[in-house]
Amino acid sequence: MEQIKNFFQNSINILGEAITVEQIFTFILTLIVMFIGAGYLHRWFRSLFNRLRLPQDLANRLLALLFLIVMVVGIGLAFRFAKISTGFLGKVFNYPITKLFQPPQKPVETETGEETSSVAVDVGSPLTLKRLFFAFVIVFGAFILSKYVQWVLRRQVLQTLQIARHTQFILLRFIHFIFLIIGVLIALSAVGVSFTSLAIIFGGLSIGIGFGLQNIASNLVSGFILIFERPIKIGDLVEIMDVNIFGRVSSINLRSTVIVSLDEKEIIVPNTQLITEAVHNLTHDNNLFRLHVAVGVSYGSDVELVKKVLLEVAHTHPEIIKEPIPVLESVTPPFVRFTNFGDSSLDFELLMWIPDSFKRFDIASDLHFMIWHKFKEHNIKIPFPQRDVHFYPKEINS
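Procedures and definitions
- Residues numbered from 1 in each chain as written.
- Predicted model: local features only at pLDDT ≥ 70, side-chain atom pairs only at ≥ 80, totals over all residues.
- Heavy atoms only, no water.
- Core = buried A, V, L, I, M, F, W, Y, C linked by side-chain atoms within 4.5 Å.
- Buried < 20%, exposed > 50% of the residue type's maximum accessible area, 1.4 Å probe, protein only.
- Contact = heavy atoms within 4.5 Å.
- Axes fitted to C-alpha atoms, helices over the stretch in contact; angles between N-to-C directions.
- Helix = DSSP H or I, 4+ residues; strand = E, 2+ residues; numbered from the N terminus.
- Parallel < 35°, antiparallel > 145°, perpendicular 65-115°, else oblique.
- Left-handed = near helix turned anticlockwise from the far one by under 90°.
- Nonpolar A, V, L, I, M, F, W, Y, C, P; charged D, E, K, R; others polar.
- pLDDT = per-residue confidence, 0-100.
- Salt bridge = Lys/Arg side-chain N within 4 Å of Asp/Glu carboxyl O.
- Pairing = 2+ DSSP bridges.
- Expected span 1.5 Å × (residues − 1).

Caption draft 1: Region of the structure containing the nonpolar core. L291, L310, F348, M352, L367 and F375 are the most contacted members of the largest nonpolar core, which totals 26 residues. Ignoring sequence-local partners within four residues, the contact set of L367 consists of L291, V293, V313, H317, I320 and M352. Counting residues in each nonpolar core, the second largest holds 14 residues, with I227, I234, V238 and L274 among its members.

Printed below as a string of structure tokens:
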């Protein structure tokens, strides 16, 4: 017991403050108790908010705020119970971080008999945790301010002027980058980083890009091309043939583009792929799409009846465009092509326009069902490949 008592009474010199092992244990135990209490409070308030039927987002924000308050109070109580002076925190936040990476200083005896350090002391502005915290606050504040300015511009200016959605995206993204760059430059200045050092860093980055970051650099350049040249826009329906990707563009970032598929899955595509590979933009000028439905009938069928039935099916479906559009010459009413004399069928193709290319698969499925029922009604047979096999017995010589 005496050894345990002596162990707890041992003191550790941390940044000039003598702190005993007992104080450290008391501090840790207080924090553990506060964490357990925060867990119980979280569950209790969660059930209370559920009974009050508060919105889920509001409840989550209130719980996060409660957790932060409990943690701040808990840390303060931990320092108080452990009897650790809060002046220790000031020394921690003002301690030069660069000293952690310097070798131990060996005392050197001078001619007068005094001992001095063999390493020169940096009298400039040292990098401390306080400076890093200020830099983080500046960058975070620039990010929040950027989001608020974007929200105000979108609601009060851009939507009122009825600016196109993709143009809004470009303007707001440009403003966001400006705010972030200004925030980063101010934060670096607060930390004490000189712009000469930044030039050296960017010089090293250029060498890194030349050797191993070509992919990232090419994606960034491709992102600028997509944003300003506008081969694809937010909301466009695109199809990348080589990798079988089909969906609507939800956002265009500097490194990648997000495409939402028919299954509501977000597909992250590198920007280089959209620049270097063939991409079908189905809605670049408009949302119209030409639907092709191929069908084959038996050789004994009445081709005029087949044509009539297919046109009836097309005109029956509510999503099919029945009248030509004067502005677009290629948009015509539904019509039927007799495409081929196949091996076992007469091949036809029903061509029609639909207003939304995103619905092409569903509309094609509806047409297939309708054609099947119509063909059965008119006794039109859809053949399948058949082969006749003839056996010729060999004559046996007696």
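Caption draft 2: Region of the structure containing the packing of helix α2 (residues 21-52) against helix α3 (residues 56-82). Running from amino to carboxyl end, α2 crosses α3 at an angle of 160°, the nearest separation of the two axes being 9 Å. Taken together, α2 and α3 sit at an angle that is classed as roughly antiparallel. Handedness of the crossing formed by α2 with α3: right-handed. Within the contact of α2 with α3, the residues separate by chemical class into 21 nonpolar, 7 polar and 1 charged.

Caption draft 3: Layout of the confidence of the model for the protein. In this model, the protein carries an average pLDDT of 79, and 80% of its residues clear a pLDDT of 70 or more. With pLDDT under 50 throughout, residues 118-123 is counted as low confidence; its partners more than four residues away or in other chains account for 3 contacts.

Caption draft 4: Summary view of the pattern of salt bridges. With the rule as written, the count across this model stands at 5 salt bridges. The salt bridge involving R360 is made with E239; its shortest N-O contact spans 3.3 Å. Here R360, found in helix α11 (residues 360-377), pairs with E239, found in strand β5 (residues 237-240); they are 121 residues apart in sequence, far enough to count as distant. Side by side, R360 and E239 carry an identical accessibility label, which is buried.

Caption draft 5: Looking closely at the sheet that holds strand β12 (residues 346-354). Spatial strand order, β10-β12-β11: 3 strands in an open sheet with antiparallel pairing. Of all the strands in the sheet, the pair left with one neighbour each is β10 (289-297) and β11 (335-341). For this sheet the average axis-to-axis angle between neighbouring strands, irrespective of direction, equals 25°. Relative to β12, β11 runs antiparallel, the two sharing 6 bridges.

Caption draft 6: Region of the structure containing the sheet that holds strand β6 (residues 245-252). As summarised here, the arrangement of the 5 strands in space is β8-β7-β6-β5-β9, forming an open sheet in which the pairing is antiparallel. At either end of the open sheet lies a strand with only one pairing partner, and these are β8 (266-270) and β9 (279-281). Going across the sheet, the axis of each strand differs from the next one's by a mean of 40°, ignoring polarity. Relative to β6, β5 runs antiparallel, the two sharing 4 bridges. Bridging from a neighbouring strand, E239 pairs with F246 of β6.

Caption draft 7: Spotlight on the packing of helix α10 (residues 303-316) against α11. One can describe the packing of α10 onto α11 by two numbers: an axis separation of 10 Å at closest approach and a directional angle of 140°. When the interaxial angle is binned, α10 and α11 end up oblique. The handedness of the crossing between α10 and α11 is right-handed. Across the interface between the two elements, V306, V309, L310, E312, V313 and T316 from α10 touch L367, M370, I371, K374 and F375 from α11. Classifying every residue of the contact of α10 with α11 gives 8 nonpolar, 1 polar and 2 charged.

Caption draft 8: Main features of α2. In this model α2 runs 46 Å from its N-terminal to its C-terminal C-alpha over 32 residues, within 8% of the 46 Å that 1.5 Å per residue would give. The set of residues buried in α2 consists of V21, Q23, F27, T30, M34, A38 and F49. One or two steps after α2, the chain reaches R53, where phi turns positive at roughly 60°.

Caption draft 9: Layout of the pairing of β8. Bridging between strand β7 (residues 256-261) and β8 involves 5 bridges; their strand directions are antiparallel. Looking across to β8, one finds that T257 is bridged to V269. Connecting β7 to the antiparallel partner β8 that follows it, the hairpin turn spans 4 residues, and E264 within it adopts a positive phi of roughly 60°.

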